[in-house]
Amino acid sequence: MKFLYSLIFLLILGCEQSDQRNGSVDEENIIGFTLSDKTILIEDEGAQRSDRLILNAFKKEGIRRKIFIEGFESKFDKIDLSQAGINGHELVLSHDKSKNYAKITRNKRFITELVIDNSGKLSYDNFIFADNGASIGGRFDLVEDPMQTNSEAYFLPFPQNKQTISFIGRRGIIVKLTNGVTDQGDKFKNISNVIGSRQDDILIGDVKTNILEGHEGHDKIYGHKGADIIRFSAEDISIYGGKEGDKKGDKAPDRFILSRLSNVKSKYKYIISDFENDIDKIDFTRVGVREDQITLKTKDNITIIYINTDKFKLSFGVRTTDGAFVTMSDILYLNHS
């Protein structure tokens, strides 16, 4: 009986080393491959058909440092990592003018890199993960090297318990800890900490102490109540230690941690919207910023914070709840006493 959709299965089992796996020119393909393969060639490039590459469960033996994928079409094709148990936070994407690179990690260790020559820039939507892009318990957030010693991402852990949920592998998401739901149909209980996706997110905390990080994208983060830790970037849209629109603050000591450096001048008048002097702190220690790299200026009752390092220049605004300005005593930096 002809398979519905006329798909050709090229599932490769076991872990014997192979130089190349080939698809079909005329049909949609499902191509199974292992980490011992060298090249996967989809021979219907330009045919605008949906092909799927499936990474089979792998063993430690025979893993190549690089696997080359040719003929991949970003608008139609998928790479399925679910059978190998790869979660969304274990994949790191990058690209240059001609190729995409997908680094697969496991327990913070580099496993292999997929080098994908394709017709467009890849996104995380081109991949299928074991956790469907969401995972609970002791996950890791990707940030840039705080000392800027190299261009590789490294890992910093959230608390190692089951109170953390990560959506790194998802599209932009709205997460409400107040009632334990997302706009994508997820429901959860006893979660205190959230890592957002690589796209635009809205994260809302609850009355407890929360750790909230938008990860990448242009995010909105609201701690709601409690003494929260909010990890933000200069690309974010708005950050509140308390509720959205609350100009009085929640009277709890929130910490706003800059999660990465970038060459960004915020296009918004201010990012942090309810800073409470002598209660809250803005923390630059994680990205290795020194006191001499920080400049404070005021404009229209807003404090503009400028950071100037050897490699990065960024700025963003802070609005306080009492109309006072942010001072250096409100900021934690690398050589802070």
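All of these numbers come straight from a predicted model, not from anything done at the bench.

## Quick word on the packing of aromatic side chains
At step 1: Applying the stated rule across the entire model yields 4 aromatic pairs.
At step 2: Taking the centre distance of 5.3 Å and the plane angle of 80 degrees together, the rings of Phe232 and Phe316 count as edge-to-face. Of this pair, Phe232 sits in strand β22 (residues 229-232) while Phe316 sits in strand β29 (residues 313-320); the two residues are 84 residues apart in sequence, bridging distant segments of the chain.
At step 3: The exposure class of Phe232 is buried, given its relative accessible area of 0%.
At step 4: Each ring, one from Phe256 and one from Phe275, has its centre 6.2 Å from the other, and the planes form 45 degrees; the classification is tilted. Remark: Phe275 occurs in strand β25 (residues 272-275) and Phe256 occurs in strand β24 (residues 255-258); sequence separation between them is 19 residues. Grouping residues by exposure puts Phe256 and Phe275 together as buried.
At step 5: Within the aromatic cluster, the residues linked to one another by ring pairs are Phe232, Phe284 and Phe316.
At step 6: Directly above the aromatic system of Tyr306 lies the positively charged group of Lys297, at a separation of 5.3 Å from the ring centroid.

## Quick notes on the nonpolar core
At step 1: The biggest cluster of nonpolar side chains holds 36 residues, and the ones touching the most others in it are Ile272, Ile282, Phe284, Ile305 and Phe316.
At step 2: A total of 3 residues in this core trace back to one element, the largest contributor, which is β29.
At step 3: Leave out the neighbours within four places in its chain, and Ile305 touches Ile282, Phe284, Ile294, Thr295, Leu296, Leu314, Ser315, Phe316, Val318 and Ile331.
At step 4: Core analysis: the second largest hydrophobic core is formed by 24 residues, Phe33, Ile69, Phe72 and Phe127 among them.

Reading the values: rules and limits
Residues numbered from 1 in each chain as written. Predicted model: local features only at pLDDT ≥ 70, side-chain atom pairs only at ≥ 80, totals over all residues. Heavy atoms only, no water. Phe/Tyr/Trp six-rings, centres within 6.5 Å; stacked < 30°, edge-to-face > 60°. Helix = DSSP H or I, 4+ residues; strand = E, 2+ residues; numbered from the N terminus. Buried < 20%, exposed > 50% of the residue type's maximum accessible area, 1.4 Å probe, protein only. Lys NZ or Arg CZ within 6 Å of the ring centre and 35° of its normal. Core = buried A, V, L, I, M, F, W, Y, C linked by side-chain atoms within 4.5 Å. Contact = heavy atoms within 4.5 Å.

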